[in-house]
Amino acid sequence: MDEEKLLKKKKNNIKIYKIYRIFSFDLLFYFTTIYLFLISQKGMSPADVLQFDAFYILFKFIVQIPCTLLIQKFGKRNSLAFANLVGVIHIILIIIAPNYGVLILSQLLCAITFVVRSTCETDMLYDSLEHNEERGHKFAKIDGRANAIYYYAEAISALISGFLYVLNPFIPMILCTVTLFVAFILSLKFEEIHTEKKKMHIKEEIKTLRLGGKAVMRSRRLMCLVLFNALSIGMIKIVQNIRNTELLEVGLPEQYFGIVFAIFALATGISARCQGRIHKRFKNKTLSILSLPTATAILLSGIVILFDIPVVVSVIIVAVLLMVNSMSKGPFMILIKRYLNNFTNSEKRVRIATVNNMFENAIASALIFGASLILGEINIAYTAIFIGGCFIITYTLLLDYMKTKVGLKPEEYSDREILKND
């Protein structure tokens, strides 16, 4: 490919990515009201809603290899366009779903969308950046800024959604569909950097995945990061669900959900913009700072619910505790990708992303299914206390093990930990 033409493609992709990521990072107009929508319009229980999310994570695990084959066959740009179109259909299915089976089908489509996105999006940005030692920093800066803008947009959408839901429960879902369609249109504007495509077979892909898995297993640094990521995604998803139940339990009216969730999104956006400073300030302690306070906040929120505290006071305390999760989520989602992508090249990044996604989805889905079973048996207060306590213990043990394996200087790693920068 002509060097000038290639450079033009890369500049275009970086320009589009900055806008596209705002619409593709997650689902705008969705999280504020989906819990209320599923309970009031689809007749689900809080435990059912948690299982609904668990099926999504499980499906992500199941479709990982087929989606990887799709990407290898059709390229990142075409796969992204397809995934975003599937995302539009998934929200439409939730809106019209006549039964639980169709709702579960919607989660399968959602899984396809986000598996393809998570595998392609950040790697497409990496492919478009200049290959030098500043690459990781530039990636985090661009991705961090786009993600932060997303969270500001989410704050606005959350504020609007709460009131629109009271007006008509279907309006936020329709607006979510529109934003997904915008992501689809923008994805069509990307240009493929690596145009070569090869014919892939399932056996070959399984072999490739197995070799990638072996590479991750041999690297204690990567293995620790993959396990930590899976645990954290499980916790983030659990909190996204139980926070709705907790807020209803302490007496927050439905019309004010939008205000609270807007504050959560704003906190996430601000913290996402600060991810570079957080990494620079805490260095190899960054993951500890982003995990243990969140787990502790979950436990404390359950304790607060147990006490007979005035509604206004309990709402404020629980909301502040839940906001800790929002403040940790923003920088974590950016920095964990930066850490996983360090010391890699384009081919290895795809393999690592695939292996990481499979571990993430398998472990996180098991955690969420487990949480749904607990919530089905005991009330939300004891559920939060139990889950928070379990995460505190698990994080403490894992972080202690990671001390000598993650966050070291490049020269302190062995050769098998360095997977060659391109």
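All values reported here derive from a predicted model rather than from experimental measurement. (Residues numbered from 1 in each chain as written. Predicted model: local features only at pLDDT ≥ 70, side-chain atom pairs only at ≥ 80, totals over all residues. Heavy atoms only, no water.)

1. Concerning the overall build of the protein chain
Selection criterion: Secondary structure follows DSSP: runs of H or I at least 4 residues long count as helices, runs of E at least 2 residues long count as strands, and numbering of each begins at the N terminus. Think of it in three bands: residues with accessible area under 20% of the maximum for their type are buried, residues over 50% are exposed, and the middle band is partly exposed, with areas taken using a 1.4 Å probe on protein chains only. Whether two residues touch is decided by their heavy atoms; if any such pair falls within 4.5 Å, the residues are in contact.
If you tally the helices and strands in the protein chain, you get 15 helices and zero strands. Counting only residues that meet the buried cut, the protein chain has 56% of its 422 residues in that class. Long-range pairs, those at least 24 residues apart, make up 87% of the contacts in the protein chain between residues at least 6 apart in sequence.

2. Describing the nonpolar core
In plain terms, the rule: By nonpolar core is meant a set of buried Ala, Val, Leu, Ile, Met, Phe, Trp, Tyr and Cys residues that side-chain atoms within 4.5 Å join together.
In this structure, Tyr 30, Ile 94 and Phe 332 are the most contacted members of the largest nonpolar core, which totals 124 residues. The greatest single-element share of this core, amounting to 14 residues, is contributed by helix α9 (residues 220-249). Residue contacts for Phe 332: discarding those within four places in its chain leaves Phe 228, Asn 229, Ser 232, Ile 233, Ile 236, Leu 287 and Leu 290.

3. Considerations on a nonpolar patch on the surface
Put simply, the rule is: Patch definition: residues above 30% relative accessible area lacking any salt bridge, with like charges linked at up to 9 Å and the nonpolar side chains Val, Leu, Ile, Met, Phe, Trp and Tyr linked at up to 5 Å. For the accessible areas, the method is Shrake-Rupley and the probe is 1.4 Å, while residue cover comes only from the protein chains on display. Each reported salt bridge corresponds to a side-chain nitrogen of Lys or Arg within 4 Å of a carboxyl oxygen of Asp or Glu.
Judged by side-chain polarity, Ile 156, Leu 159, Ile 160, Phe 163, Tyr 256, Ile 259 and Ile 263 come together as a nonpolar surface patch covering roughly 620 Å² of accessible area. Residue assignment for the nonpolar patch shows that the elements contributing at least two residues are α6 (135-167) and α10 (257-273). Broken down by element, the nonpolar patch gets its largest block of residues, four residues, from α6. Tracing the backbone shows Phe 163 in helix α6. Phe 163 gets classed as partly exposed once you look at its relative accessible area, which sits at 44%.

4. Looking at the pattern of salt bridges
Applying the stated criterion to the full structure yields four salt bridges. With its nearest N and O atoms 3.6 Å apart, the salt bridge here joins Glu 360 to Lys 60. With Glu 360 in helix α14 (residues 346-377) and Lys 60 in helix α3 (residues 46-62), the pair connects residues that are 300 residues apart, well separated along the chain. Here Glu 360 and Lys 60 have matching classes, each one buried. We note a salt bridge from Glu 121 to Arg 117, for which the minimum N-O separation is 3.9 Å. With Glu 121 and Arg 117 both in helix α5 (residues 100-128) and four residues apart, the pair spans about one turn of that helix. Arg 117 matches Glu 121 in its accessibility class, with the two residues each being buried. A single network of salt bridges, built from pairs that share partners, joins Arg 21, Arg 117 and Glu 121.

5. A look at the packing of aromatic side chains
Here is the rule: When two rings of Phe, Tyr or Trp (its six-membered ring) have centres within 6.5 Å they constitute a pair, described as stacked for plane angles under 30 degrees, edge-to-face for angles over 60, and tilted for the intermediate range.
A complete count under the given rule lists 13 aromatic pairs for this structure. With 5.7 Å between their ring centres and 55° between their planes, Phe 261 and Phe 264 make a pair best called tilted. Remark: Phe 264 and Phe 261 occur in helix α10; sequence separation between them is three residues, near one turn of the helix. Residue classification places Phe 261 among the buried residues on the basis of a relative accessible area of 4%. Members of the aromatic cluster, connected to one another through ring pairs, are Phe 228, Phe 332, Phe 391 and Tyr 395.

6. Considering helix α1 (residues 3-24)
Operational definition: Here, expected helix span is obtained from the residue count minus one, scaled by 1.5 Å. The bend at a residue is defined as the angle formed between two axes, one fitted to the seven residues ending at that residue and one fitted to the seven starting there.
Between the first and last C-alpha of α1 there are 29 Å, a value that for 22 residues agrees with the 32 Å anticipated at 1.5 Å per step. At Lys 18, α1 shows its maximal bend, which comes to roughly 35°. Taken residue by residue, α1 has Leu 6, Lys 9, Lys 10, Asn 13, Ile 14, Ile 16, Tyr 17, Tyr 20, Arg 21, Ile 22 and Ser 24 as its buried positions.

7. Description of the environment of Ala 153
You can see Ala 153 is positioned in helix α6. Here the alpha-carbon distance between Ala 153 and Ala 265, two residues 112 residues apart in the chain, equals 8.2 Å.

8. What about a positive patch on the surface?
The following threshold applies: His is not counted here, nor are the chain ends, while Lys and Arg score as positive and Asp and Glu score as negative. Charge positions are represented by NZ for Lys, CZ for Arg, CG for Asp and CD for Glu.
On the surface, Lys 18, Lys 141, Arg 145, Arg 273 and Arg 277 cluster together into a patch of positive charge. Exposure remark for Lys 141: the relative accessible area of 60% places this residue in the exposed category.

9. Let's talk about the confidence of the model for the protein chain
Definition in use: Confidence of the prediction at every residue is given by pLDDT, a number between 0 and 100.
On average, residues of the protein chain score 85 in pLDDT, and 89% of them are at 70 or above. Mean pLDDT per element in the protein chain: helix α8 (residues 202-218) is the minimum at 69, and helix α7 (residues 171-187) is the maximum at 95.

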